[in-house]
Amino acid sequence: MLDRIPFLIGLRYTRAKRRNHFISFISLTSMLGLTLGVAVLILVLSVMNGFDHELRTRVLGMVPHTRIEAQNGVNDWRALAEQMQRHDHVVGAAPYIEQQGMFSSSGQTQGAMIEGILPEAEEKVSIIGDHMVGGELASLQKGSWNVVLGSLLARNLGVGVGDSVTLLVPEASITPGGVFPRLKRFTVSGIFQVGAQLDGSLAYTSLGDMKTLARQQGEAQGIRLKLDDLFQAHSVTRDIINGMPPGYRGIDWTYTQGNLFQAIQMEKRMIGLLLMVIVAVAAFNIVSTLVMVVTDKHADIAILRTLGATPRSIMGIFMVQGITIGIIGIVLGVIAGIALALSIADIISWVESVFGIQFLDPSVYFISYLPSRLEFSDVMVVTGVALLLSFLSTLYPAWRAARVQPAEVLRYE
């Protein structure tokens, strides 16, 4: 029974309506500070996890994990792809020809990267087939002169499926009439949308048509590879190149998108650290609350000491009170943070539709919506650290309460 006294009195002090309303206000502020800090930290970490996940699944689902190119083109890409797929981490291979160019239609122009592909092979290395919003990727057959555009690119050009666009490539053709840029008219046979910046800068056409337009030697410019673990891209590329004859080079995704991935990881760590400081400030507000409570309860402490309470019991009373304040704030923060993390995308979409604004412009950011991915490990880390800070904030006030001398307090009572 004596062991339960600190616990019972600590809970009673937490529930009691104090005469000093300022102490109650500080206690409530500490609790709300913890709630807001924990909720915001869980929300921000979930959003950063969402950006990281979208980068891996969408952007890196469209961008090849690694590319193997030949200076003079690849003559027998199927044999070379079969050789590369013998590597343990390679799960797919497809040929490509890449060319920068400029599309034009009805007075609108837009630069883009044009990829010459084989539709049946592209599905092994890209998610493009799962994000067609108009037409079919299978329409890209040799001699059809069809093109599949990103949704933002098509919107900027003002075209849809069935319309025509003119492609200008940065290579000149010498004719009897002079030097002219090479132009070719394509029919838009499909539109894709992945919700990323690639929607405004990427287009696909047939491998055979691009070979003719780019005057590519061999069957393809190179081979794109999909890996089972994208973080092994650098080592896999090195292993494959070491086994190839001279004239080949490898380019993995870290050269094109690595800075973006590293920036997201760095931002997640720095933002998490900054927000944890906010949680720490809220937790240490418990110190001021308990110090004022100890001052207000000097008489009660003295009476408990005269009744036989030990300094350890007195410390326990105020530690229970402080930890209770912290637990209530943290639990409310976790509930609010999880609720916000699960619904933030819908909330932002509603705000965008009501006010007619767009927070993430796909022409600037690599995705056009706010992703969120709640991870249980982040919730546990935030909760654990907040509980630890709450516990540490109770030690000094509880120690001061244990040092109260009953004779000094009760002398004038």
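Structurally, the position occupied by Arg-67 is in strand S1 (residues 66–74). Of the residues examined, Arg-67 reaches a relative accessible area of 11% and is grouped as buried. A polar contact of 3.1 Å, which involves the side chain of Arg-67, links it to the side chain of Glu-98. Apart from residues no more than four positions distant in its own chain, Arg-67 is found in contact with Tyr-96, Glu-98, Ile-223, Arg-224, Arg-249, Gly-250 and Ile-251.

What follows covers the pairing of strand S3 (residues 108–117). By the bridge criterion, nine bridges tie strand S2 (residues 90–105) to S3 in an arrangement that is antiparallel. Within the sheet, the bridge partner assigned to Gln-99 lies in S3 and is Ile-114. In this antiparallel pair of consecutive strands, S2 and S3, the connection spans two residues, and Ser-106 shows a positive phi of 50 degrees. The sheet contact formed by S3 and strand S8 (residues 202–206) spans five bridges and is parallel.

As a further point, take the packing of aromatic side chains. Pairs of aromatic rings are described using the distance from one ring centre to the other and the angle between the two planes. All chains considered together, the criterion is met by four aromatic pairs. Ring centres of Phe-192 and Tyr-204 lie 5.8 Å apart, and the angle between their planes is 65 degrees; on these two criteria the pair is classed as edge-to-face. Here the residue Phe-192 occupies a position in strand S7 (residues 178–192), and Tyr-204 occupies one in strand S8, the gap between them amounting to twelve residues. Tyr-204 matches Phe-192 in its accessibility class, with the two residues each being buried. Taking the centre distance of 6.2 Å and the plane angle of 75 degrees together, the rings of Phe-231 and Trp-253 count as edge-to-face. Taken as a pair, Phe-231 in the loop between strand S9 (220–227) and helix H7 (233–242) and Trp-253 in helix H8 (residues 253–256) lie far apart in primary sequence, 22 residues in all. Of the residues examined, Trp-253 reaches a relative accessible area of 2% and is grouped as buried. Directly above the aromatic system of Trp-145 lies the positively charged group of Lys-184, at a separation of 4.4 Å from the ring centroid.

This paragraph deals with the nonpolar core. As a rule of thumb, soluble globular proteins bury nonpolar side chains together. Membership of the largest hydrophobic core comes to 71 residues, with the highest contact counts inside it found for Met-62, Phe-103, Leu-149 and Tyr-204. In this structure, Met-62 is in contact with Ser-126, Ile-127, Ile-128, Phe-192, Val-194, Leu-198, Leu-202, Tyr-204 and Arg-224, ignoring residues within four places of it in sequence. Judged by nonpolar contacts, the second largest core, of 21 residues, contains Val-38, Leu-41, Leu-275 and Leu-290.

This brings us to the packing of helix H11 (residues 311–355) against helix H12 (residues 376–402). For the pair H11 and H12, the least separation of the axes is 8 Å and the interaxial angle reads 150 degrees. Between H11 and H12, the crossing angle belongs to the class labelled roughly antiparallel. Judged by the twist between their axes, the crossing of H11 over H12 is right-handed. Contacts from Pro-311, Ile-314, Met-315, Phe-318, Met-319, Gly-322, Ile-323, Gly-326, Ile-327, Ile-330 and Val-334 in H11 reach Val-379, Thr-383, Ala-386, Leu-387, Ser-390, Phe-391, Thr-394, Leu-395, Ala-398, Trp-399, Ala-401 and Ala-402 in H12. Among the residues making up the contact of H11 with H12, the classes are represented as 18 nonpolar, five polar and no charged.

For H12, built from 27 residues, the straight-helix expectation of 39 Å at 1.5 Å per residue is met to within 8% by its first-to-last C-alpha distance of 39 Å. Taken as a whole, H12 carries its principal kink of about 30 degrees at Leu-395; the proline Pro-397 stands between one and four residues after it.

Take the environment of Gln-141 next. As for its placement among the helices and strands, Gln-141 is situated in the loop between strand S4 (132–135) and strand S5 (146–150). By relative accessible area, Gln-141 is classed as partly exposed at 41%. For Gln-141 and Gly-208, which are 67 residues apart along the polypeptide, the C-alpha to C-alpha distance reads 7.7 Å.

H11 packs onto helix H10 (residues 298–306) with a crossing angle of 140 degrees between their chain directions and a minimal axis gap of 10 Å. Considering the angle they form, H10 stands oblique to H11. Judged by the twist between their axes, the crossing of H10 over H11 is right-handed. Between H10, through Ile-301, Leu-304 and Arg-305, and H11, the contact on the second element is made entirely by Pro-311, Ile-314, Ile-317 and Phe-318. A per-class count over the contact of H10 with H11 returns six nonpolar, no polar and one charged.

Definitions and limits used
Residues numbered from 1 in each chain as written. Predicted model: local features only at pLDDT ≥ 70, side-chain atom pairs only at ≥ 80, totals over all residues. Heavy atoms only, no water. Helix = DSSP H or I, 4+ residues; strand = E, 2+ residues; numbered from the N terminus. Buried < 20%, exposed > 50% of the residue type's maximum accessible area, 1.4 Å probe, protein only. Polar contact = N/O pair within 3.5 Å; in protein donor to acceptor, adjacent residues only side chain to side chain. Contact = heavy atoms within 4.5 Å. Pairing = 2+ DSSP bridges. Phe/Tyr/Trp six-rings, centres within 6.5 Å; stacked < 30°, edge-to-face > 60°. Lys NZ or Arg CZ within 6 Å of the ring centre and 35° of its normal. Core = buried A, V, L, I, M, F, W, Y, C linked by side-chain atoms within 4.5 Å. Axes fitted to C-alpha atoms, helices over the stretch in contact; angles between N-to-C directions. Parallel < 35°, antiparallel > 145°, perpendicular 65-115°, else oblique. Left-handed = near helix turned anticlockwise from the far one by under 90°. Nonpolar A, V, L, I, M, F, W, Y, C, P; charged D, E, K, R; others polar. Expected span 1.5 Å × (residues − 1). Bend = angle between axes of the 7 residues up to and from the residue.

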